[in-house]
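# Structural description and commentary
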Amino acid sequence: MIRLAALLAVAAFAGGVAGAGAAPSPADLEAELVCPTCKTTLDQSDAPVARRMKQILRERLAAGATAEEIKAELVAQFGPGVLAEPPKSGFDLLAWLVPLGLLGAGAFGVGALAWGWSRRGEPDAPAARIDPTLERRIDDELDRFDG
Amino acid sequence: MTGSVQRVGQAIALAGVAALLGLLVWKVAFDREGGAAAELDSGRSVAAPGFTLERLDQDGQLSIAELQGKAVVVNFWASWCVPCRDEAPVLQQTYERYRDQGLVVLGIDVNDFRADARRFIERFGLTYPVVYDGKGSTVGKWGVRAFPETFFVDRSGNLVGERIAGAVDIERNRDTYERGVALALGDSP
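These notes cover the structure that comes with them.

About the criteria used
Residues numbered from 1 in each chain as written. Chains lettered and ligands numbered in written order. Predicted model: local features only at pLDDT ≥ 70, side-chain atom pairs only at ≥ 80, totals over all residues. Heavy atoms only, no water. Pairing = 2+ DSSP bridges. Helix = DSSP H or I, 4+ residues; strand = E, 2+ residues; numbered from the N terminus. Axes fitted to C-alpha atoms, helices over the stretch in contact; angles between N-to-C directions. Contact = heavy atoms within 4.5 Å. Expected span 1.5 Å × (residues − 1). Buried < 20%, exposed > 50% of the residue type's maximum accessible area, 1.4 Å probe, protein only. Disulfide = S-S within 2.5 Å.

This brings us to the sheet that holds strand E6 (residues 149-153) of chain B. Residues and elements named next belong to chain B. Ordered in space as E2-E1-E5-E4-E3-E6-E7, the seven strands form an open sheet in which the pairing is mixed. The open sheet terminates on both sides in strands that have one partner only, identified here as strand E2 (61-63) and strand E7 (159-165). For this sheet the average axis-to-axis angle between neighbouring strands, irrespective of direction, equals 30°. Bridging between E6 and E7 involves four bridges; their strand directions are antiparallel. Bridging from a neighbouring strand, glutamate 149 pairs with alanine 165 of E7. In the packing of helix H3 (residues 82-98) onto the sheet, contacts are made with strand E3 (71-77), strand E4 (103-110) and E6, and the angle to E4 comes to roughly 155°.

Residues and elements named next belong to chain B. Between its terminal C-alpha atoms helix H6 (residues 174-185) stretches 17 Å, which fits the 16 Å expected from twelve residues at 1.5 Å a residue. What H6 keeps buried is the set Thr176, Tyr177, Gly180, Val181, Ala182, Ala184 and Leu185. Buried-residue contacts for H6 involve E3, H3, E4, E6 and E7. Phi turns positive one or two residues past the end of H6, at glycine 186, with a value near 90°.

This brings us to the state of the cysteines. Residues and elements named next belong to chain B. Using the criterion set out here, one finds one disulfide over all chains in the structure. In this model, cysteine 81 is linked to cysteine 84 through a disulfide, with the two sulfur atoms separated by 2.1 Å. What sets the handedness of the cysteine 81 and cysteine 84 disulfide is the S-S torsion sign, and at about 90° it is right-handed. Since its relative accessible area comes to 3%, cysteine 81 is described here as buried.

Here's what the structure looks like:
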């Protein structure tokens, strides 16, 4: 389960990097950009500034601009908060690495607890020897019971 | 081993609870939800929140601290905001009428495209200073809820009068607007 989650996170990370610079559709970009007044993605917003951003986005795509160029231009106007996902570089990389780190730490913690609990069931020391007199007496009693 | 793992787990849980409590205390003690507008609305004296922003009407930056000693009408606007178009001529008239008495109208263009804002300034013939706040960094500190919104700052740098949410409209809020200008100038309204 943890391996699967880690694989999905790495795949999403790698997919984002690989997708950078590819020719996007306006709808793709609208889902990756946030309206600065209503804080929802452009595809979910009908605020005046969102409508203006969508118009600019289409104009820039028609002029041949790449997704990364358009995003950089919008960040220059509205700041990094305009990106639905934080950039995968510099300080913002922490936003990706910290959750992965926490996931790893959680997996380690769960594993350590499970190991500790499994150890509880094992005997810590060999059973103490029975007093020879008592042992002999028990054997005698058993013999009498059998006999 | 089990005991030490449990102790580490307990320490982590306690640290998490302590961190959350710390955040709660900070939020209650220091976070001023509603910004300066909320304090002004409740009748408390409040200094105009500071900022230094890029100018749109000329090169360079402008800090509100540079306007200390002047009466300032601070207007938050954006080119995509329809009521902002209606009030622009009123603000320009105010600036022209009271400039010689030491009043400055200061436009803060928020969440906007620079090119759109410059076209707006040109279209309405605005000659008062306008600064650019694309990220909206002033909105929270001032407590701006929608655009346009207008505040009045006296010569000491304190907010005075009532803020005007919505367009400065000489018909609809003439008294509030004129009282705000008079208080900023230091005149008895």
